[in-house]
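Single-letter residue listing:
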Amino acid sequence: MPKPIIVSGIKPTGTLNIGGYLGAVKNWIALQNSEKYEQYIFIADLHALTTATSATRLRAESNKLAADLMACGLDAKKTCLFVQSHIPEHAELAWIFNCVTPISELKRMTQFKDKSQKQEKNINAGLLMYPILQAADILLYKAANVPVGQDQVQHVELTRDIAHWFNRRYGDYFPETKALLTEIPKVMGLTEPTKKMSKSDGNADNVIELTDEPSVIEKKIKRAVTATAGGGQTPGVENLLTLLKQFGSATTHKKFWDAEKDGSIRYGDLKQALANALANYFADFRTKRAELLANPKKLENILAEGASQARAVAQKTMTDVRKIVGIR
Ligand code: TRP
């Protein structure tokens, strides 16, 4: 029996923080290590073009992200890891999907509505077509499952619809794809614990990056908000405990959890324990990442190898699709 196929992607915009790590990367590594799936993970650099960046920056961020993923434990021998733009079939299939997808469906997408409202200036057509390219990413490999966070479920549902519209017009070809949701802990900002951890407001202290050195982690955690007027368990404390649960030992977490319950907790101690746990958890990551980035040729080779594996599959699908739709 062939293993079910899994596809997921991540945009090379900015650095990887612990929210993104828990939300996606950690899960991909667990799926990889379960050995139950054939897994394709890619850097979605074509999707990143919907936000304007310089060529130098985009290329550098794609490489860094690939190094980040491998340093986290994604193993190119077990997971097919590649860069989306290495494989022109993604864009080609997206064009064909453009022609079976009603515009009205694209305009309803939450992410499009959000982005086009926030980003007044650069509302390019790519933002609207974004989920079509995503459907092409997924269906090129005929994925059964797409491990993503809640925010991407709508895009995976649209992928199913697109497969359906294609199949209705041309006959059954693409499979039904499902989102593979895992329980993802909600990681909130350190200085703004009522909002998702993100650097978008320009406040670097709000976010722990995977690359943060222990001294930086400590400094940021110390600045994390704990108290609010009114008392009781505050969102800030709740968030620190969530993080300790994810990154620390079970005993340490229990100790602080109990102390919080009986009111004997000292937030300074909690912060120190969490800073230590984080520094520890990502120690190996920092070393591996530095090694990978010190050897760009090797990194390039790994990605070229991933691309050639993925491309063989993508080309096969496109050969079928060209025939099915009547193009050369
Ligand atoms: N849109 C996804 C995100 O922003 C990234 C992505 C692009 C993706 N293509 C994909 C995820 C295909 C899963 C499958 O997170």
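Just so you know, these numbers come straight off a predicted model, no measurement behind them. (Residues numbered from 1 in each chain as written. Predicted model: local features only at pLDDT ≥ 70, side-chain atom pairs only at ≥ 80, totals over all residues. Heavy atoms only, no water.)

Side note on the overall build of the chain
What counts here: In this text, helices come from DSSP runs of H or I with a minimum length of four residues, and strands from runs of E with a minimum of two, each type numbered from the N-terminal end. For this measure, only C-alpha atoms enter the radius of gyration; the expected value for a globule follows 2.2 Å times N^0.38, where N is the number of residues. For every residue, the accessible area obtained with a 1.4 Å probe (protein chains only) is divided by the maximum for its type, and the residue is called buried under 20%, exposed over 50%, and partly exposed between those limits. Every residue pair with non-hydrogen atoms within 4.5 Å of one another is taken to be in contact. Only the protein chains shown count as cover for residues, and all accessible areas are computed by the Shrake-Rupley method using a 1.4 Å probe.
When you go through the chain residue by residue, the secondary structure sums to 14 helices and five strands. The C-alpha atoms of the chain give a radius of gyration of 21 Å, which matches the 20 Å a tight globule of 328 residues would have. For the C-alpha atoms alone, the extent of the chain along its principal axes is close to 70 × 45 × 45 Å. A buried classification covers 45% of the 328 residues belonging to the chain. Sequence separation of at least 24 residues holds for 76% of the intrachain contacts in the chain that already meet a minimum separation of 6. In the structure as shown, the chain presents an accessible area of about 16500 Å², 53% of it carried by carbon and sulfur atoms.

Details of the site of the ligand
Spelled out, the test is: If even one non-hydrogen atom of a residue comes within 4 Å of a molecule or strand, that residue is called near it. Here a polar contact is recorded for every N or O atom pair within 3.5 Å, except that within protein the pair must consist of a potential hydrogen donor and a potential acceptor, and residues adjacent in sequence are included only if both atoms are side-chain atoms.
Neighbouring the ligand are 13 residues; His 47, Tyr 130, Gln 134, Asp 137 and Gln 152 lie closest to it. With respect to the ligand, the side chain of Asp 137 contributes an N or O atom lying 2.7 Å from a nitrogen atom. Within the side chain of Gln 152, a nitrogen or oxygen atom sits 3.0 Å from a nitrogen atom of the ligand. Coverage of the ligand by the protein amounts to 90% of the 360 Å² it exposes when considered alone. Elements that contribute at least two residues to the shell around the ligand include exactly strand E1 (5–10) and helix H7 (125–139). With four residues, the single largest contributor to the shell around the ligand is H7.

Brief notes about the pattern of salt bridges
As a reminder of what qualifies: Any carboxyl oxygen of Asp or Glu within 4 Å of a side-chain nitrogen of Lys or Arg constitutes a salt bridge here.
On inspection of all chains with the given rule, the structure shows 13 salt bridges. With a closest N to O distance of 2.4 Å, Asp 68 and Arg 289 form a salt bridge. Placement of Asp 68 in helix H3 (residues 55–72) and of Arg 289 in helix H13 (residues 283–293) is noted, with a sequence separation of 221 residues between them. The partner of Arg 286 in a salt bridge is Glu 213, with the nearest N and O atoms 3.9 Å apart.

Points about the packing of aromatic side chains
Keep this limit in mind: In this scheme Phe, Tyr and Trp rings, the latter by its six-membered ring, pair at centre separations within 6.5 Å, and the angle between planes marks the pair as stacked below 30 degrees, edge-to-face above 60, and tilted otherwise.
Per the counting criterion, the structure on display carries 15 aromatic pairs. Their ring planes at 80° and their centres at 5.3 Å tell us that Tyr 21 and Phe 282 sit as a pair that is edge-to-face. One end of the pair, Tyr 21, is in helix H1 (residues 18–34); the other, Phe 282, is in the loop between helix H12 (267–281) and H13, and 261 residues separate them in sequence. For the pair shown, Tyr 21 and Phe 282 are each scored as buried. With centroids separated by 4.8 Å and ring planes inclined at 45°, the aromatic side chains of Phe 166 and Tyr 170 adopt a geometry described as tilted. Of this pair, Phe 166 and Tyr 170 both sit in helix H8 (residues 153–170), four residues apart, which is roughly one turn of the helix.

With respect to empty space enclosed by the protein
Selection rule: As defined here, a cavity is a set of points on a 1 Å grid over the protein atoms alone where a 1.4 Å probe fits but cannot get out. A pocket is an open set with protein on both sides within 12 Å along at least five of seven lines, and residues line them when an atom is within 4 Å of a point. Grid points are joined across faces, edges and corners, and a volume is the space filled by probe spheres set on the points. By the convention adopted, Pro, Cys, Tyr, Trp, Phe, Met, Ile, Leu, Val and Ala count as nonpolar, Lys, Arg, Asp and Glu as charged, and the other residues, Gly among them, as polar.
Tallied over the full model, the rule gives three cavities of 30 Å³ or more. Quantified by volume, the largest cavity comes out at close to 60 Å³. Those elements that provide at least two residues to the lining of the largest cavity are helix H6 (110–118) and H7. For the lining of the largest cavity, the class distribution of residues is seven nonpolar, two polar and one charged. A volume near 50 Å³ is recorded for the second largest cavity. The element best represented in the lining of the second largest cavity is H3, accounting for four residues. Residue classes in the lining of the second largest cavity are distributed as two nonpolar, two polar and four charged.

Details of the state of the cysteines
Two cysteines joined by a covalent bond between their sulfur atoms form a disulfide. Inclusion rule: By disulfide we mean two sulfur atoms from cysteines, separated by a distance within 2.5 Å.
Under the counting rule described, the total for this entry stands at zero disulfides. Cys 72 takes part in no disulfide bond, and the closest cysteine sulfur to it belongs to Cys 80, at a distance of 18 Å. By relative accessible area, Cys 72 is classed as buried at 15%.

Topic: the domain arrangement of the chain
For the record, the criterion: These domain boundaries are the output of an automatic or database domain assignment. As a working definition, buried area equals the accessible area (1.4 Å probe) given up by two parts on being put together, with both sides summed.
Considered domain by domain, the chain is made up of domain 1 (5–186 + 296–325) and domain 2 (204–285). Distance between the C-alpha centres of domain 1 and domain 2: 33 Å. On the domain 2 side, the residues contacting the 12 residues of domain 1 number 13 residues. Across the domain 1/domain 2 interface, buried area totals approximately 1100 Å², and carbon plus sulfur atoms make up 66% of it. The largest per-residue losses of area from domain 1 upon contact with domain 2 belong to Ile 18, Tyr 21 and Leu 22, which jointly make up 43% of the total buried on that side. Taken together, domain 1 and domain 2 are joined by four residue pairs in polar contact (both at pLDDT 80 or more). Counting only elements with at least two residues in the side of domain 1 that touches domain 2, the list comes to H1 and H3. Ranked by residues supplied to the side of domain 1 that touches domain 2, first place goes to H1 with four residues.

Section: the pairing of E1
This is how it is decided: Consider the strands pointing away from the viewer: the crossover is right-handed when the path from the first strand over the helix to the second runs clockwise.
Judged by how many residues are buried, E1 sits mostly within the fold: five of six residues are covered. With respect to chirality, the unit in which E1 leads through H1 into the neighbouring parallel strand E2 (residues 38–43) is right-handed.

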